Amino acid sequence: MKNIKRDRLSLRFSSKPLGLTLAACIGLTACGGSGDEVVTPKPDEKVYPAYTDIKASGGETTTFDASESGHGFSTPAPNLSTADLAHHLEGDLGFETAFTTAPNVEHPDLDGLGPVFNNADCNSCHQRDGRNSTPIVPADKERIKLGSEAGLFLRISKAAAQACTSGNAANDYCAPPAVPNFGGQLFHRGVLKARPDWEDNLFGGQADVYLSYETKQVTYSDGNVVTLKKPLFAVENPYDAPGETLNSANLTSDLLQDDVLMGWRNGMPVFGLGLLEAIPEKDILALVDASDSNGDGISGKANFVFDAVKAQAGDNDPVSLGRFGWKANTPSVRVQSLGALRGDIGITNPLFPDESITGTALHDSYLTRTGFTDTGEDENGAPEASAEFSDSVVFYAETLAVPARRNVDSPDVREGARLFEQVNCTGCHKASFVTKSSGEIGGVAMSDALKGQTIYPFTDMLLHDMGEGLADGRPDFLADGNEWRTRPLWGIGLTQTVNPQAGFLHDGRAATVEEAILWHGGEATTSRDGFMALSIDERKQVIAFLMSL
């Protein structure tokens, strides 16, 4: 019996009869007959990024109360003083204000809309302080005409003779050249008599804009297929050549010439903007890697743009680091907000006192046709929006709370954070910054609520070449046609809680976060391919992490 037992033992531990590999042998506590104990090496411990467990994305400005509601982006920063909160709430009213055609005798504070515009209030492009709804083309139609429901529009400009690399007064600081008689933004809506042919084009703007989509499929190595859609636009019936289209035999409209560049723009969320402006400039510029010194395929470029606040203050070099807009083409919340008030809505204000179409044939004929009743000034000759109204709207956008992260203890969310780092999404989406402890933003002393905050916006605030798939071919100051500013990711998981019809990317083409990732190209190609190489469960974990932000 002893011999039989010994033979059985030899079968159990002999490598040849059972094909036991050396690696499997090492995994046992004792192997062979030496009697020495072999310690099982521990598998490599997973290392999780420092931000994995962070909940307060906006530091002390974070709200934990409204993050799962449809108003998750609309809460005042909880650390505002009593006076600042009152100022914020005044701005909230202004943000919701729907303007009317001038003159409005009963409510002169509401008049001044247009004469051409994209929407009548801020909220239409930033629904509940988030993204606008992506227009849907019904199955029985090839395209739709943009109207009052559209929260996106077209930027327009003339192609420059050569690329602009350094802005100065002589080259208009590298600003995109305006389209003669149209400007830099296409306004598809108008007040009643905006166009000379207004009786045939009631409430028509500078031109009609039509939207359609084309699709393509992306297939993962595991066989899963995702269908991506890309918006296409057609501009027709411009006011300077009614009825004309690109298919017309003789193109006479200034808008339809071959050298006119156009690009879709989607409304962005407006929370946390003051914090982004309060990031020290040196901390952003430290991330510029023009020569890709670390060899990760990511460079990052700063945009330097004309600053209307500096110009108004008499600065001899009115140029600042671009921080806002899809191509980082505006330097501050003030310039962004008041530029949109004048541009998107047509409301003049102290920073932009002239109508957006001043000097065009359309504006000149409108004033003559309507008896100069809507000149862009109020009854006292001042801009249509007062300084008080303008300041409060700007402050509102600067001081909206950042929603807290959710589900940070979920194993899938934690694994997603690790994989997000592993495929180097943080090469562009830098996790954290600390805001400055003093100073101004937009030429005005910053609120104490914004000072010295450790924030987690997941952006480097720089421009990156995102490839031909996302390119619009339209330069904007120092940004070329392929470059876009890194979008902050904080709050992205609540995007469709706030607005179920919202989309992602600069033109709303992505219906999901996954689709947005799959559109990444250029400098983001390696990270996109790394994401695509993950297993389906790992991809879901990355999405789970993003949805926790």
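See the structure above.
Residues numbered from 1 in each chain as written. Predicted model: local features only at pLDDT ≥ 70, side-chain atom pairs only at ≥ 80, totals over all residues. Heavy atoms only, no water.

*Asks:* Now, about the packing of aromatic side chains: what can you tell me, with residues and values included?
*Replies:* Taken as a whole, this structure holds 12 aromatic pairs when the rule is applied. Measuring from ring centre to ring centre gives 5.5 Å for Tyr173 and Phe306, while their planes differ by 35°; the resulting arrangement is tilted. Placement of Tyr173 in the loop between strand S4 (152-158) and strand S5 (185-186) and of Phe306 in strand S10 (residues 304-306) is noted, with a sequence separation of 133 residues between them. Using a relative accessible area of 11% as the deciding quantity, one classes Tyr173 as buried. With relative accessibility at 31%, the residue Phe306 sits in the partly exposed group. With 5.0 Å between their ring centres and 50° between their planes, Phe182 and Tyr239 make a pair best called tilted. In this pair, Phe182 sits in the loop between S4 and S5 while Tyr239 sits in the loop between strand S8 (225-236) and strand S9 (260-266), placing the two residues 57 residues apart along the sequence. In this structure Phe182 comes out as buried when scored by relative accessible area, which is 1%. Tyr239 sits in the buried class, given a relative accessible area of 8%. Over the face of the ring belonging to Trp484 we find Lys327, whose NZ or CZ atom lies 4.0 Å from the ring centre. For the cation-ring pair, Arg414 lies above Tyr48, with the distance from its terminal atom to the ring centre recorded as 4.7 Å. (Phe/Tyr/Trp six-rings, centres within 6.5 Å; stacked < 30°, edge-to-face > 60°. Helix = DSSP H or I, 4+ residues; strand = E, 2+ residues; numbered from the N terminus. Buried < 20%, exposed > 50% of the residue type's maximum accessible area, 1.4 Å probe, protein only. Lys NZ or Arg CZ within 6 Å of the ring centre and 35° of its normal.)

*Asks:* Before we move on, can you summarise the pairing of strand S7 (residues 208-219) with the specific residues and values?
*Replies:* Bridge count between strand S3 (residues 144-145) and S7: two bridges; the pairing is antiparallel. Looking at the pairing, Ile144 lines up with Leu211 of S7. With 12 bridges joining them, S7 and S8 adopt antiparallel strand pairing. Along S8, the bridge assignment pairs Val218 with Val226. Counted between consecutive antiparallel strands, the loop separating S7 from S8 contains five residues, among which Gly223 sits at a positive phi close to 95°. (Pairing = 2+ DSSP bridges.)

*Asks:* Please set out unusual backbone geometry residue by residue, giving values where relevant.
*Replies:* Residues Ala102 and Pro103 are joined by a peptide bond in cis, for which omega reads -5°. Tracing the chain through its elements places Pro103 in the loop between helix H4 (82-96) and strand S2 (116-117). A positive phi angle, close to 50°, is found at Asp292, a residue other than glycine. Residue placement: Asp292 occurs in the loop between helix H6 (281-285) and S10. Overall, Asp292 belongs to the partly exposed group, its relative accessible area being 22%. With a phi close to 65°, Asn424 is a non-glycine residue in the positive phi region. Mapped onto the elements, Asn424 comes out in the loop between helix H11 (411-422) and strand S13 (433-434).

*Asks:* Which residues make up the sheet that holds S4, and what values go with them?
*Replies:* Pairing is antiparallel across the open sheet formed by three strands, whose spatial order is S5-S4-S9. Edge positions in the sheet fall to S5 and S9, since each has one partner strand and no second. Both S4 and S5 contribute to a ladder of two bridges, which runs antiparallel. Looking at S5, one finds that Leu154 is bridged to Leu186.

*Asks:* Which residues make up the nonpolar core, and what values do they have?
*Replies:* Among the nonpolar cores identified, the biggest contains 74 residues, and Leu186, Val235, Leu255 and Leu341 are the most heavily contacted of them. Non-local contacts of Leu341, meaning those with residues more than four positions away in its chain, are made with Phe99, Gly346, Ile347, Asn349, Ala385 and Phe389. Val226, Ala516, Ile517 and Ile543 belong to the second largest nonpolar core, which has 38 residues in total. (Core = buried A, V, L, I, M, F, W, Y, C linked by side-chain atoms within 4.5 Å. Contact = heavy atoms within 4.5 Å.)

*Asks:* Residues and numbers for the state of the cysteines, please.
*Replies:* One pass over the full model with this rule turns up one disulfide. Bridging Cys164 to Cys174, the disulfide has an S-S length of 1.9 Å. Its torsion about the S-S bond being -70°, the disulfide of Cys164 and Cys174 is classed as left-handed. Taken together, the residues span a long stretch of sequence, with Cys164 in the loop between S4 and S5 and Cys174 in the loop between S4 and S5 at a distance of 10 residues. With a relative accessible area of 26%, Cys164 lands in the partly exposed category. Cys125 forms no disulfide, and the closest cysteine sulfur to it belongs to Cys122, at a distance of 8.6 Å. For Cys125, a relative accessible area of 4% corresponds to the buried category. (Disulfide = S-S within 2.5 Å.)

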